[in-house]
Amino acid sequence: MNLSQVLRVVPTLKITTETSGTRVRVQDRVNLTCHVLHFYPAHLRLTWMENRRMIQTLASPQATRNRDGTYSLEHTWQAEVTPEEREFACWVVHDEQPPLKANVTLQGQVHKQGKGRSVQPYKLQGPLQRSEPGTRIRLTYTSSGFATPQVTVTWLKNKHELPNPQTSVQYSGHTYNVTSSVLVLLTDDDVFSHVICHVEHKLTLFFQKTIGLDQYLRVPPTVTVFQSSTSSSLVAVTCLVQRFYPQNVHLTWLEDCHTLKGAEQPTFKKNDDGSYTLENLLLVNASVQGPERVLTCMVEHEGQPPKRANLILSTRAHTAYKPIGSTGKFMSSSMSTWGHFCILSGFQKVLGGGRA
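These figures come from a predicted structure and were not determined experimentally.

### A short note on the packing of aromatic side chains
Thought 1: Overall, the coordinates contain 8 aromatic pairs when judged by the stated rule.
Thought 2: The interplanar angle of 20° and the centroid separation of 6.2 Å between the aromatic rings of Y40 and Y71 together place this pair among those described as stacked. One end of the pair, Y40, is in the loop between β2 (29-39) and β3 (44-50); the other, Y71, is in strand β6 (residues 71-80), with 31 residues separating them in the sequence.
Thought 3: Under the relative-accessibility criterion, Y40 is labelled buried at 17%.
Thought 4: Residue Y71 is classed as buried on the basis of its relative accessible area, which comes to 16%.
Thought 5: Seen in terms of ring centroids, F244 and F268 are 6.5 Å apart; in terms of plane orientation they differ by 65°. Their pairing is edge-to-face. Placement of the pair is F244 in strand β20 (residues 234-244) and F268 in strand β23 (residues 267-270), with a sequence separation of 24 residues.
Thought 6: Overall, F268 belongs to the partly exposed group, its relative accessible area being 35%.
Thought 7: Taken together, the aromatic side chains of F244, Y245, F268 and Y276 make up a single cluster linked through ring pairs.

### A few points about the sheet that holds β3
Thought 1: On the basis of which strands lie adjacent, the open sheet formed by 4 strands has the order β4-β3-β7-β8 and antiparallel pairing. With partners counted over all chains shown, the strands left at the sheet margins are β4 (53-58) and β8 (100-106), one partner each. Each adjacent strand pair in this sheet contributes to an overall mean axis angle of 20°, direction not counted.
Thought 2: For strand β7 (residues 86-94) and β8, the ladder comprises 7 bridges, and the chain directions are antiparallel.

### Observations regarding the environment of Q265
Thought 1: With respect to the element layout, Q265 can be found in the loop between β22 (258-260) and β23.
Thought 2: The exposed category is assigned to Q265, whose relative accessible area is 65%.
Thought 3: Measuring from C-alpha to C-alpha, the distance between Q265 and N280 comes to 6.8 Å, with 15 residues separating the pair along the chain.

Here is what the cut-offs are and how they apply
Residues numbered from 1 in each chain as written. Predicted model: local features only at pLDDT ≥ 70, side-chain atom pairs only at ≥ 80, totals over all residues. Heavy atoms only, no water. Phe/Tyr/Trp six-rings, centres within 6.5 Å; stacked < 30°, edge-to-face > 60°. Helix = DSSP H or I, 4+ residues; strand = E, 2+ residues; numbered from the N terminus. Buried < 20%, exposed > 50% of the residue type's maximum accessible area, 1.4 Å probe, protein only. Pairing = 2+ DSSP bridges. Axes fitted to C-alpha atoms, helices over the stretch in contact; angles between N-to-C directions.

Pasting the structure below:
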C-alpha cells in the first residue's frame, strides 16, 4: 500500500500584512496574505471573514507542491483601513477536518489637522463572541474632542428606539469625551436586523452608523437522521441540519465511533429568515452481516460542543427510522455521553466475541 493514501498532514496558518508606508492610516489599502503551509492531501477550502462575516470563499485554491511532497499556498485579500477596529480571519477546512483559523486586527490612524490637534477616531464596539437568541449584548460608542458637552446619543433597532441607554459626557482638558452603551436582546430572526447609533452635537447630526446584528448572532442547529431504501442492498441515510446561523458547519458521519467516508457533498439552503439548512446523504451497504449497526451524524458549529443524531440501521425494505434511546425523532448527546457509549460498545464487543 502507498502510505500517501492514508496520510494526512495538518496545515499551519499565518496572516501577513503589506502596506505602502510605515504607518497604517485611514483609507490606506492593505494586502492581507493568508499562508497555508505544508499540508497533505492538496484539497482544502479557504474562507476570508471580516468581523465574523464571510467575504470570500475559495472551494479549491491553487496549491504549490513542496519538495517533501506536501503542499503550500498563499491567498491575498486587499482591505481598506478605517478608523474603527476590524478583525480579518482566514479559515481553512482541510480534508473534511474541523476548521483552522488565523486572524489579524486592522485600525487606522487619523491624519492630524490644525495646530497640532487631531480629530480622534470614534469606536463602535460589540461583543467579541457570537451569542444565542435570548442573550442581551452590549453595544458601545466612544469618541472625544467635542468642544461643548451638548452631545446626545440615540440607539434604534429596526427603526425603534432602544430603552435605557447609558450615556456619559466627561470633561478632559479642553474638550469633552463621550461614552454611550445600550443592551440589545437577540432573537431568532435577527439575521436581518440592524441597530443605528445616532449622535448629535448641538442639535446637529455628528455621526451615524448602522450595525448588522448578524455578526453577533449564533443560532444553533437541530440535527435529525432518517433512512430510506434505494435497493435490496443499499440504504440511503440522510442527515438534516436545520435553522442554523452562520453558515459554517462541519459534518462527520460515524459508525460505532469510527469515521465514515463517501458521503455526498452537503447541500446548503438559505431559509427566508436568513438561517441555513443542510442535507447530507450517505449510501450504506446494508447487506453486510454483523451486529446491529449504529450510524451517527455529528455536527460542529461555531466552536460549540458537537450535536449528534443517532440511528440504528434497519435492513427492511420500507423506510425505517429507529433512533437510540429516544422516543422522538432524534437524540442529541453530549461529548462525554457519546464517549462513554463508544467505550461501553468496545467492551461489549470484546466480552461478547464481536457482538455489540
